[in-house]
Amino acid sequence: MKNVFKPVPITSSEITSKNVYISRRDFFKAAGVIAGSSALVSCAPNIVTTSDSAPIVSAVTQNLKDELGESVTTVKDITNFNNYYEFTVSKEGVAGLAEKFQTSPWDVEVYGLVNKPRKFSVDDLVKKFQPEERIYRLRCVEGWSMVIPWVGFPLAKLLEEVEPTLDARYVRFETVFRPEEMPGQKQAVYPWPYQEGLRLDEALNDLTILATGLYGGELPAQNGGGIRLVVPWKYGFKSIKAVIKIELTSAQPSTLWNTIAPNEYGFYSNVNPNVDHPRWSQSTERRIGEVSRRDTLLFNGYAEQVAHLYEVMDLKVNY
Ligand SMILES: Nc1nc2c(c(=O)[nH]1)N[C@H]1C(S)=C(S)[C@@H](COP(=O)(O)O)O[C@H]1N2
Ligand SMILES: [Mo]
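Position numbers for residues start from 1 in each chain and track the written sequence from start to end. Following the order in which they are written, the chains are lettered starting with A and the ligands numbered starting with 1. Where totals are concerned, whole chains, interfaces and linings use all residues; where local detail is concerned, this predicted model gives features only for residues with pLDDT of at least 70, and gives and counts side-chain atom pairs only at 80 or more. Side-chain numbers come from the whole structure's heavy atoms, not from hydrogens or water.

Undergrad: Go over the site of ligand 1 with me, naming the residues and quoting the values.
TA: Near residues are defined by distance, with any heavy atom within 4 Å of the molecule or strand qualifying the residue. Residues in contact with ligand 1 amount to 17 residues; listed here are only the nearest, Asn-82, Tyr-85, Glu-86, Ser-239 and Lys-241. One of the side-chain N or O atoms of Thr-175 is found 3.0 Å from a nitrogen atom in ligand 1. Identification of polar contacts relies on pairs of N or O atoms within 3.5 Å, with a donor-acceptor requirement for protein atoms, meaning one able to donate a hydrogen and the other able to accept it, and with residues adjacent in sequence counted only if both atoms are side-chain atoms. One of the side-chain N or O atoms of Asn-223 is found 3.0 Å from an oxygen atom in ligand 1. Surface accessibility in these figures is a Shrake-Rupley result with a 1.4 Å probe; residues are shielded only by whichever protein chains are displayed. Protein chains bury 98% of the 540 Å² of accessible surface belonging to ligand 1 in isolation. Polar here means any residue other than Ala, Val, Leu, Ile, Met, Phe, Trp, Tyr, Cys and Pro, which are nonpolar, and Asp, Glu, Lys and Arg, which are charged; Gly is therefore polar. For the shell around ligand 1, the per-class residue count stands at eight nonpolar, six polar and three charged.

Undergrad: Requested: an account of the packing of aromatic side chains, with residues and values cited.
TA: Side-chain rings of Phe, Tyr and Trp (the six-membered ring for Trp) are treated as a pair once their centres are within 6.5 Å; stacked means planes under 30 degrees apart, edge-to-face means over 60, and tilted covers the remaining angles. Summed over all chains, the structure comprises 16 aromatic pairs. Ring geometry for Phe-129 against Phe-153: centres 5.0 Å apart, planes inclined by 40°, an arrangement best described as tilted. One end of the pair, Phe-129, is in helix H5 (residues 122–129); the other, Phe-153, is in strand E6 (residues 144–154), with 24 residues separating them in the sequence. In this pair, the class of Phe-129 matches that of Phe-153, namely buried. Judged by centre distance (6.2 Å) and plane angle (85°), the ring pair of Tyr-268 and Tyr-310 falls under edge-to-face. In this pair, Tyr-268 sits in the loop between helix H8 (256–260) and strand E13 (284–287) while Tyr-310 sits in the segment after helix H9 (303–306), placing the two residues 42 residues apart along the sequence. Here the term buried applies to any residue with accessible area under 20% of the maximum for its type, exposed to any over 50%, and partly exposed to those in between, with areas from a 1.4 Å probe on protein chains only. Tyr-310 sits in the buried class, given a relative accessible area of 3%. A network of ring pairs unites the aromatic residues Tyr-85, Tyr-190, Trp-192, Phe-237, Trp-257 and Tyr-265 as a single cluster. Each helix is a run of DSSP H or I of at least 4 residues and each strand a run of E of at least 2, with the numbering of both proceeding from the N terminus.

Undergrad: Go over the pairing of E6, please, and point to the residues and values.
TA: Counting buried positions along E6 yields eleven of eleven residues, so the element is predominantly enclosed. The pairing criterion is simple: DSSP has to find at least two bridges between the two strands. Linking two consecutive strands that pair antiparallel, namely strand E5 (residues 132–139) and E6, is a turn of four residues; a positive phi of about 105° is found at Gly-143 within it. Here two bridges tie E6 to E13, and the two strands are oriented parallel to one another. Considered in E13, the bridge of Ser-145 is made with Arg-287.

Undergrad: Before we move on, can you summarise unusual backbone geometry with the specific residues and values?
TA: Note that the residue after Trp-192, namely Pro-193, is joined by a cis bond; omega there is -5°. Of note, Pro-193 is situated in the loop between strand E7 (170–175) and strand E8 (195–199). Look at the link from Gly-225 to Gly-226: it is a cis peptide, with omega at -15°. By secondary structure assignment, the location of Gly-226 is in the loop between strand E10 (217–218) and strand E11 (228–230). Here the phi dihedral of Ser-269 falls at roughly 50°; this positive angle occurs in a residue that is not glycine. Residue placement: Ser-269 occurs in the loop between H8 and E13. One non-glycine residue, Asn-300, adopts positive backbone phi at about 55°.

As structure tokens, this is what we get:
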């Protein structure tokens, strides 16, 4: 299977001898990624040893940790264990089927209850908003998790640009519909295109990003390239991939999983170890790459940043 992950370009002049010491900061500078502006990214440079024989990406990034000190998942696992039903329901099968999927050029249309509706190309968004590194935990509703070093920018920056009107209360996201490239979309089992939604204040929270890359490189097709949403305190299915439409609405948008099984997948779907899925417990999870299970954290460990959004809500009712 071809690895569609494009390694970060490091010039050979930067790797002079067998043992070269480079800081993570220098690494991402070389990669053209602006690092360090996120409060969640540790500012301490991680000094690592690289050698000629070891692939530089994994050598450097194996030292990356989130703000809780959790190591990032390997690029192999992140890009070869995916949920992406437009391609297949087999997690190991997505990467192969997504090999020919065109992720560039890519446009996103932002419209609805806004003063300045507009279509943006991902290239323009990258130039305009200077994506930064965000290391986030991703907790799938099925009970597994990863730690992913995304490259992205706050969705709030894009929403500011189009000026939501006072009536706008929700944001609806829609995935591209290309059944010729996405075999799963030829089957009417699911109500394509995939749709998701957030309340406007959730969408404006600084944790909510649009990702344009991972591991300092491009965003692989299987992870949602051209561009995807990442909402780290919610179950993974809220983080919709391959987004082409973002609509500001007054009413709560319908979402794919909530439409199919409203009793199992609520609109909010905040990670919550105290609210079980009707068919399984949500109190623990398996971190990909580990054997034993670990406790699931309320709001996936981001309570400090987001708990205030739900102060007046009963999370057992509004799950
Ligand atoms: N369009 C679309 N977005 C999607 C999905 C999908 O099937 N289609 N799966 C979701 C689920 S269930 C999860 S856990 C994450 C997985 O993201 P990853 O494969 O990049 O780890 O993507 C989410 N976004
Ligand atoms: Mo998921």
